[in-house]
Amino acid sequence: MLPQGSRVLRRLIPARLPARNFTSAAAQSGVGQSEQQAETHFGFETVKESEKWRKVHKVFEEVASSYDLMNDAMSLGIHRVWKDIFMERLGPIGGGNRLLDMAGGTGDIAFRYLKYLNNQPQDGEQPNHVTVSDINQNMLDVGQARFKNLGIQPSNCTVDWVCADAEKLPFEDNSYTAYTIAFGIRNVTHIDRALSEAYRVLKPGGRFLCLEFSHVTNDYLRWAYDQYSFQVIPPMGQILASQWQPYQYLVESIRKFPKQDDFKEMIKSAGFKCTEYENLSFGVCAIHSGYKL
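Given the structure is predicted, the values throughout are model-derived calculations rather than measurements. (Residues numbered from 1 in each chain as written. Predicted model: local features only at pLDDT ≥ 70, side-chain atom pairs only at ≥ 80, totals over all residues. Heavy atoms only, no water.)

Quick look at the sheet that holds strand E9 (residues 285-291) now. As summarised here, the arrangement of the seven strands in space is E5-E4-E3-E6-E7-E9-E8, forming an open sheet in which the pairing is mixed. Strand pairing shows two members of the sheet lacking a second neighbour, strand E5 (157-163) and strand E8 (273-280), which therefore form its edges. Looking at each pair of strands side by side, their axes are set apart by 15° on average, direction ignored. Looking at chain direction, strand E7 (residues 202-213) and E9 are connected through seven bridges and run antiparallel. The partner of Arg-207 across the bridge, within E9, is Tyr-291. (Pairing = 2+ DSSP bridges. Helix = DSSP H or I, 4+ residues; strand = E, 2+ residues; numbered from the N terminus. Axes fitted to C-alpha atoms, helices over the stretch in contact; angles between N-to-C directions.)

Laid out in structure tokens, this is it:
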């Protein structure tokens, strides 16, 4: 438990946002006829761009209550180590930090951020702030419940929870010092738009940091990883969460995500400088980073 006695700002978002806030950028563009809409992938399935957000939204509605259990089971708990390394790479220090944690509904990254800050000397520094944002209110509900049940009292840091689309953020330009997204960016319809929004809301000097499943670099390990992914994870989802299809989508979506160097180029194309990546567990996942300079 973190130290007591600090103030927390908790903005409770209504159970459902108006439909326009969930509508994908493709649908908002006014492309009316399905035959005119571009296609994208939902796992290995080809769908209209305007359909993907609904399908992804449904997946995370279905798995929200069992999300943490399945993360532990699928990764044998290693996802916790990955997230700890991720926070060490961010390494927030001092005061005046403003973090936007996107696709962070269950709070895993935000809670690590609060713990990290509480372990730093305060010395009257300016207060810090974290915004936990997710397109799925069910995921945010899980995070807020965990926040309450764990009795987390962040020191010198305020927290709010905002339901929002990564492709169309409701935040002002140049308003955050850091933007994190962990295991979420592969689920957006237009990765380039999400990256552009991340760049827009960051202050000059702000840091973009992404933790995402990636591509195993060793051929033999890749074969073993594929066998585990397709033969074990969906049945595990059925046994532990009574959900097969969401976890079938999970393993398929990982294979459709750009390779490490390709994603690095996408981050550079969004305007970020000093871009780099670090493979974890032989490339099972990777940390990509860049700065808005």
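Helix H10 (residues 233-241) packs onto helix H4 (residues 67-75) with a crossing angle of 140° between their chain directions and a minimal axis gap of 11 Å. Classified by the angle their axes make, H4 and H10 are oblique. The crossing of H4 and H10 is right-handed. Residues Leu-69, Met-70, Ala-73 and Met-74 of H4 form the contact with H10, whose participating residues are Ile-233, Met-236, Gly-237, Leu-240 and Ala-241. The class makeup of the residues in the contact of H4 with H10 is eight nonpolar, one polar and no charged. (Parallel < 35°, antiparallel > 145°, perpendicular 65-115°, else oblique. Left-handed = near helix turned anticlockwise from the far one by under 90°. Contact = heavy atoms within 4.5 Å. Nonpolar A, V, L, I, M, F, W, Y, C, P; charged D, E, K, R; others polar.)

Phi is positive for Phe-183, which is not a glycine, with a value near 55°. In this fold, Phe-183 is placed in the loop between strand E6 (176-182) and helix H8 (191-201). Phi at Cys-274 is positive, roughly 55°, even though this residue is not glycine. Accessibility expressed as a relative area gives 54% for Cys-274, which makes it exposed. (Buried < 20%, exposed > 50% of the residue type's maximum accessible area, 1.4 Å probe, protein only.)

You can see Asp-101 is positioned in strand E3 (residues 98-102). The exposure class of Asp-101 is buried, given its relative accessible area of 1%. Discounting residues that sit within four places of it in the chain, Asp-101 has contacts with Ile-109, Ala-110, Thr-131, Val-132, Ser-133, Thr-180 and Ile-181.

The subject of this paragraph is the UniProt feature "binding site: S-adenosyl-L-methionine" (unreviewed entry) in the protein. In the numbering used here, UniProt assigns the "binding site: S-adenosyl-L-methionine" (unreviewed entry) feature to Thr-106, Asp-134, Asp-165 and Ala-166. Following the sequence through the fold, Asp-134 ends up in strand E4 (residues 128-134). Owing to a relative accessible area of 8%, Asp-134 belongs among the buried residues under this scheme. The residues touching Asp-134, leaving out its near neighbours within four places in the chain, are Met-102, Ala-103, Gly-104, Gly-105, Met-139, Leu-140, Val-162, Cys-163 and Ala-164. Turning to its location among the elements, Ala-166 is positioned in the loop between E5 and E6. Judged by relative accessible area, which is 6%, Ala-166 ranks as buried. Apart from the residues within four sequence positions on either side, Ala-166 is in contact with Met-102, Tyr-179, Val-188, Arg-193, Ala-194 and Glu-197. (UniProt positions renumbered as here; feature names shortened; annotations may be inferred.)

Moving on, we get to the packing of aromatic side chains. Taken as a whole and assessed by the stated rule, the structure comprises ten aromatic pairs. Summarising the aromatic geometry, the rings of Phe-183 and Phe-213 are spaced 4.6 Å apart at their centres and angled 35° between planes, so their arrangement reads as tilted. With a gap of 30 residues between them, Phe-183 in the loop between E6 and H8 and Phe-213 in strand E7 connect regions that are remote in the sequence. Judged by centre distance (5.1 Å) and plane angle (85°), the rings of Tyr-199 and Phe-272 are edge-to-face. Note that Tyr-199 is positioned in helix H8 and Phe-272 in the loop between helix H12 (260-269) and E8, a separation of 73 residues in sequence. Residue class for Tyr-199 comes out partly exposed when judged on its relative accessible area of 23%. Among the residues examined, Phe-272 registers a relative accessible area of 2% and is labelled buried. Clustering of aromatic rings is evident, with ring pairs tying together Tyr-179, Tyr-199, Phe-208 and Phe-272. Positioned over the ring face of Tyr-176 is Arg-98, at 4.9 Å from the centre of the ring. Lying over the aromatic face of Tyr-199, Lys-292 brings its terminal NZ or CZ to 4.9 Å of the ring centre. (Phe/Tyr/Trp six-rings, centres within 6.5 Å; stacked < 30°, edge-to-face > 60°. Lys NZ or Arg CZ within 6 Å of the ring centre and 35° of its normal.)

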